[in-house]
Amino acid sequence: METGTNGETGRARWVGLPGGLLTLRRLLLVLWMTLLTAVTAVVLALTAGPAWAALGALWLPVAAWGWVLLGRNWRSWRYAERADDLLISRGVLWREETVVPYGRMQLVEVTSGPLERRFGLASVQLHTAAAATDAKIPGLAPAEAERLRDRLTELGEARSAGL
């Protein structure tokens with residue numbers, strides 16, 4: 001599987017995140033908004049009367065707005081492997097691009113919580129000497145996360161050998 005650029009002067013080939021992360025985040029949104037709607041309706045029904053319970057539905061537009069925002073946020077995440085560094089780009093309103101030089105990486109972790117494992121996802125966490133350049137790529141397929149970890153570790157060892 002060819003990744004990154006075909007040379008140091010080529011343009012970076014950006015890779016987006018798989019859809020499993022968006023599915024997980026939207027499922028969590030629906031679960032939380034359903035819970036908030038039910039709790040609000042029950043509390044208002046018990047304290048103010050049954051007619052007020054309909055106000056629990058005010059959480060539904062919030063859920064619809066969150067659904068759209070989660071999709072935009074998911075589409076904004078991407079990464080590219082270049083000859084000397086890894087680029088991570090994210091953000092809708094405030095774009096943030098992190099450049100992690102391979103020679104500065106100290107630790108590359110692959111993590112997966114219970115929900116991530118259920119959806120077949122893993123995250124790659126990159127640690128450098130400067131905390132400001134630590135980076136994370138969430139929602140990768142476990143095989144891709146492990147491949148990326150192995151490749152970044154190999155490139156990091158090769159780049160830091162001259163120090």
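Whatever comes next refers back to the structure up there.
Residues numbered from 1 in each chain as written. Predicted model: local features only at pLDDT ≥ 70, side-chain atom pairs only at ≥ 80, totals over all residues. Heavy atoms only, no water.

Visitor: Help me out: how do you make sense of the pairing of strand 6 (residues 122-128) in this one?
Guide: The two faces of the sheet receive side chains in turn, since in a regular strand these alternate between them. Burial within strand 6 is extensive, with six of its seven residues counted as buried. Here strand 5 (residues 105-111) runs beside strand 6; their pairing, made up of six bridges, is antiparallel. Within strand 6, the residue paired with E109 across the bridge is Q125. Summarising the sheet, strand 6 and strand 7 (residues 135-140) pair through four bridges and their orientation is antiparallel. Within strand 7, the position partnered with Q125 by the bridge is K136. (Buried < 20%, exposed > 50% of the residue type's maximum accessible area, 1.4 Å probe, protein only. Helix = DSSP H or I, 4+ residues; strand = E, 2+ residues; numbered from the N terminus. Pairing = 2+ DSSP bridges.)

Visitor: How do you make sense of the sheet that holds strand 1 (residues 15-16) when you look at a structure like this?
Guide: In sheet architecture, strand pairing relies on hydrogen bonds along the backbone and comes in two forms, parallel and antiparallel. Pairing within the open sheet is antiparallel, and its four strands lie in the order 1-2-3-4. Strands with a single pairing partner mark the edges of an open sheet, and in this sheet they are strand 1 and strand 4 (96-101). Here strand 2 (residues 78-81) pairs with strand 3 (residues 85-90) via four bridges, running antiparallel. Note on strand 3: the bridge partner recorded for Y79 is I88.

Visitor: Before we go on, may I ask you to explain the side chain of S123 in this structure?
Guide: Summarising the element assignment, S123 is placed in strand 6. Residue classification places S123 among the buried positions, given a relative accessible area of 1%. A distance of 3.1 Å separates polar atoms of two side chains, one belonging to S123 and the other to E116. Residues in contact with S123, not counting those within four places in the same chain, are E109, V110, T111, E116, K136, I137, P138 and G139. (Polar contact = N/O pair within 3.5 Å; in protein donor to acceptor, adjacent residues only side chain to side chain. Contact = heavy atoms within 4.5 Å.)

Visitor: In this structure, what is going on with the nonpolar core? I would like to understand it.
Guide: If you look at soluble globular proteins, the nonpolar side chains tend to sit buried side by side. The biggest cluster of nonpolar side chains holds 24 residues, and the ones touching the most others in it are L86, I88, L126, I137, L140 and L152. Elements that contribute at least two residues to this core include exactly helix 1 (20-47), strand 3, strand 5, strand 6, strand 7 and helix 4 (142-160). For this core, the element with the highest residue contribution is helix 4, accounting for four residues. The residues contacting L152, other than those within four sequence positions of it, are L86, Y102, M105, V108 and L126. (Core = buried A, V, L, I, M, F, W, Y, C linked by side-chain atoms within 4.5 Å.)

Visitor: What exactly am I supposed to notice about the packing of aromatic side chains here?
Guide: The way to describe two aromatic rings as a pair is by their centre distance and the angle between their planes. According to the stated counting rule, one finds zero aromatic pairs in the structure shown. Across the ring face of W14, the terminal group of R78 is positioned such that the distance to the ring centre comes to 4.1 Å. (Phe/Tyr/Trp six-rings, centres within 6.5 Å; stacked < 30°, edge-to-face > 60°. Lys NZ or Arg CZ within 6 Å of the ring centre and 35° of its normal.)

Visitor: I keep staring at the pairing of strand 2 and nothing clicks. Help me out?
Guide: Taken together, the two bridges between strand 1 and strand 2 define a ladder with antiparallel strand orientation. Bridge pairing in strand 2 links G16 to R78. Remark: three residues form the turn of the hairpin made by strand 2 and strand 3, two consecutive strands paired antiparallel.

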